[in-house]
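A look at the structure
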Amino acid sequence: METQNLKRAWQGSLAIVVFFIVWHFASVTGLFGRISPEYSLLLLPPPKVVFTALARMAWSGYLWDQVSVSLVRVLIGFTLAALIAVPLGIGMALSPLVNNLTEPFVRIFSPIPGVAWIPLAILWYGLGDEAAIFIITVSSIFPILLNTIQGGRDVDAHLVDAARMLGASRWQVIRRVMLPSLIPYLITGFRTGLGFAWRVVIAAEMVGVPKGIGYMLAVGRSTGHTEITIVTMICLGVMMLIVEELVFAPLEKRTSSWRRTPNV
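Computed from a prediction, not measured in an experiment: that's the story for all the values here.

What follows covers the packing of aromatic side chains. Counted under the stated rule, the structure contains 9 aromatic pairs. Seen in terms of ring centroids, Phe19 and Phe20 are 5.6 Å apart; in terms of plane orientation they differ by 65°. Their pairing is edge-to-face. Taken together, a centroid distance of 5.7 Å and an interplanar angle of 75° make the contact between Phe78 and Phe190 edge-to-face. With Phe78 in helix H5 (residues 62-94) and Phe190 in helix H10 (residues 170-207), the pair connects residues that are 112 residues apart, well separated along the chain. Classification of Phe78 as buried rests on a relative accessible area of 14%.

Here we come to the nonpolar core. Ranked by internal contacts, the top residues of the largest apolar core, which has 51 residues, are Leu145 and Trp198. Of all the secondary structure elements, the ones that give two or more residues to this core are helix H4 (47-60), H5, helix H7 (118-125), helix H8 (129-153), H10, helix H11 (213-222) and helix H12 (226-255). Considering every element that reaches this core, the biggest residue donor is H10, with 12 residues.

This part is about the packing of H5 against H8. Packing of H5 against H8 brings their axes to within 6 Å, and their N-to-C directions diverge by 30°. In this structure, H5 meets H8 at a crossing whose hand is right-handed. Here the residues of the contact of H5 with H8 are counted per class, giving 20 nonpolar, 6 polar and 3 charged.

You can see Ile118 is positioned in helix H7. With 87 residues separating them in the primary sequence, Ile118 and Glu205 have C-alpha atoms 9.7 Å apart. If we skip the residues at most four places from it in the chain, Ile118 touches Ile135, Ala203, Ala204 and Val207.

Turning next to a nonpolar patch on the surface. Together, Leu6, Trp10, Leu14, Val18 and Val22 make up an exposed nonpolar region whose accessible area comes to about 490 Å². When you line up the elements, Leu6 lands in helix H1 (residues 2-28). You can call Leu6 exposed: its relative accessible area is 59%.

Structurally, Ser140 can be placed in helix H8. Under the relative-accessibility criterion, Ser140 is labelled buried at 0%. A polar contact is formed between the side chain of Ser140 and the backbone oxygen of Ile136, at a distance of 2.9 Å. Polar contacts involving the side chain of Ser140 include one to the main-chain carbonyl oxygen of Gly193, which spans 3.3 Å.

Conventions adopted
- Here, residues in each chain are numbered from 1, in the same order as that chain's written sequence.
- With pLDDT at 70 or above as the cut-off, local features in this predicted model cover only qualifying residues; side-chain atom pairs require 80 or more to be listed or tallied, and sums for whole chains, interfaces and linings still use all residues.
- Calculation of side-chain values draws on the structure's entire complement of heavy atoms; hydrogens and water are dropped beforehand.
- Note on aromatic pairs: the rings of Phe, Tyr and Trp (six-membered ring only in Trp) are paired at centre separations within 6.5 Å, and the planes decide the class, stacked below 30 degrees, edge-to-face beyond 60, tilted for the rest.
- The way it works is that DSSP assigns letters per residue, a run of H or I at least four long becomes a helix, a run of E at least two long becomes a strand, and they are numbered from the N terminus.
- The classification of residues rests on relative accessible area computed with a 1.4 Å probe and restricted to protein chains. Under 20% of the type maximum is buried, over 50% is exposed, and intermediate values are partly exposed.
- Nonpolar core, defined: a set of buried Ala, Val, Leu, Ile, Met, Phe, Trp, Tyr and Cys residues in which side-chain atoms within 4.5 Å join the residues together.
- Axis lines are fitted through C-alpha atoms, for helices just across the contact stretch, and the angle between N-to-C directions can take any value from 0 to 180 degrees.
- Left-handed describes a crossing in which the near helix is turned anticlockwise from the far one by less than a right angle; the clockwise case is right-handed.
- Gly counts as polar in this scheme, as do all residues outside two lists: the nonpolar Ala, Val, Leu, Ile, Met, Phe, Trp, Tyr, Cys and Pro, and the charged Asp, Glu, Lys and Arg.
- By definition in these notes, contact holds between two residues if any of their heavy atoms fall within 4.5 Å.
- What makes a patch is a set of residues exposed beyond 30% relative accessible area and free of salt bridges, joined within 9 Å when like-charged and within 5 Å when nonpolar (Val, Leu, Ile, Met, Phe, Trp, Tyr).
- We get accessible surface area from the Shrake-Rupley algorithm with a probe of 1.4 Å; when it comes to residues, only the shown protein chains can shield them.
- The term salt bridge refers to a pairing of a side-chain nitrogen on Lys or Arg with a carboxyl oxygen on Asp or Glu at a separation within 4 Å.
- For the purposes of these results, a polar contact is taken to be a pair of N or O atoms within 3.5 Å, where, inside protein, one atom must be able to donate a hydrogen and its partner to accept one; residues adjacent in sequence count only when each atom of the pair is a side-chain atom.

Take a look at the structure:
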């Protein structure tokens, strides 16, 4: 296992080094001779320029201010989505009545992309945090909800019957049997929902919601500072990588065996 991890680390590092070398030469040679080098420096600044801008923005505090605004919006919207989707998903999995009343709305609204809500959100809430949080919540609900429903329906019926035979109440069945079986599905739903949340908050901040990473991305594009746009993209990738490696990957690895194995 250690050998595999070491091999994975050095191969990944080598790939990153090659990427930066190709990036540098593509920038200074005009995309390998396709355009003039001066124009290429505007379209694709070399790594040195990008990381200099990154250091300058971080040192001044501007980068952290924008990241923190987006992060707070995502956390609030994502938390609201989880608080709505998990209980509703459990209810739909357990109760045919709740499922029949709710399923038509889920089937209608779940295919609608989060960015489609941006014009309505701005009309309803104006330009501010409320619009962004609403869009994030709407976008994050359905991945969490659908995974919760699937997890609730995949709970081993024999375990539920055994718990009821031992005198467990409905709440005890949910807490002792259903929730532990749901955890792997919730992790998958949270991972997907968080990805949706970041995508939609960037789109919202780019087109109308002031401040945040998306706003910074739009400013870099509109002012011709391409290095700011690339810095924003790097920050997004690094943040999602950190969350993936420190939160979701360990949780998924620990709970993957909790999923019910289909009978063959």
